[in-house]
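# Chain and residue survey
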Amino acid sequence: MSSKHALRMGREVDSIATDAVSLLMGYSYPGNVRELENLIERGVALARGSELTVAELPAALAEQVVHALPDAQGDLPTLGQREEEYIRYVLEHSDGNRTKAANILGIDRVSLWRKLKKYGLAEGEE
């Protein structure tokens, strides 16, 4: 997959470091395979040499935390609470670009808009 992006970008990235592969394999990809592609594409764009390393992957990926754990009060969050949290996270990491966020989430822009409205995140839109 990295060679596809490297060729398209005119980069000479031809391998992925073992620790980067481990990190990528340990991630659950709630945004499906498109999210993996976006991570690889980003890594290739940032790579300084011929190998994609952990340094080129988002820091949040390395610091991933299982969010299904109880909160400070010991309550388990609802699925809706986690969905809202993840949508906020993806929007933050896509610099507010809703098209990109929808792609990462594996949904279309209309579905994302509906979820934003549902959670009161559709600022200024009706």
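Up top you'll find the structure we're talking about.
Here's a quick rundown of the structure. (Residues numbered from 1 in each chain as written. Predicted model: local features only at pLDDT ≥ 70, side-chain atom pairs only at ≥ 80, totals over all residues. Heavy atoms only, no water.)

Another aspect to go through is the side chain of serine 94. Among the secondary structure elements, serine 94 is positioned in the loop between α5 (79–93) and α6 (98–105). Residue serine 94 is classed as buried on the basis of its relative accessible area, which comes to 3%. Excluding anything up to four places from it in sequence, serine 94 contacts Lys100, Ala101 and Ile104. (Helix = DSSP H or I, 4+ residues; strand = E, 2+ residues; numbered from the N terminus. Buried < 20%, exposed > 50% of the residue type's maximum accessible area, 1.4 Å probe, protein only. Contact = heavy atoms within 4.5 Å.)

Together, Glu12, Asp14, Asp19 and Glu51 give the surface a local cluster of negative charge. Among the structural elements, aspartate 14 can be located in the loop between α1 (2–9) and β1 (15–16). Aspartate 14 gets classed as exposed once you look at its relative accessible area, which sits at 59%. (Patch = residues over 30% accessible without salt bridge, like charges linked within 9 Å, V, L, I, M, F, W, Y side chains within 5 Å. Areas by Shrake-Rupley, 256 points an atom, 1.4 Å probe, with all protein chains shown as cover. Salt bridge = Lys/Arg side-chain N within 4 Å of Asp/Glu carboxyl O. Lys, Arg positive; Asp, Glu negative; His and termini not counted. Charge placed at Lys NZ, Arg CZ, Asp CG, Glu CD.)

Everything listed is a geometric property; what it means functionally is a separate question.
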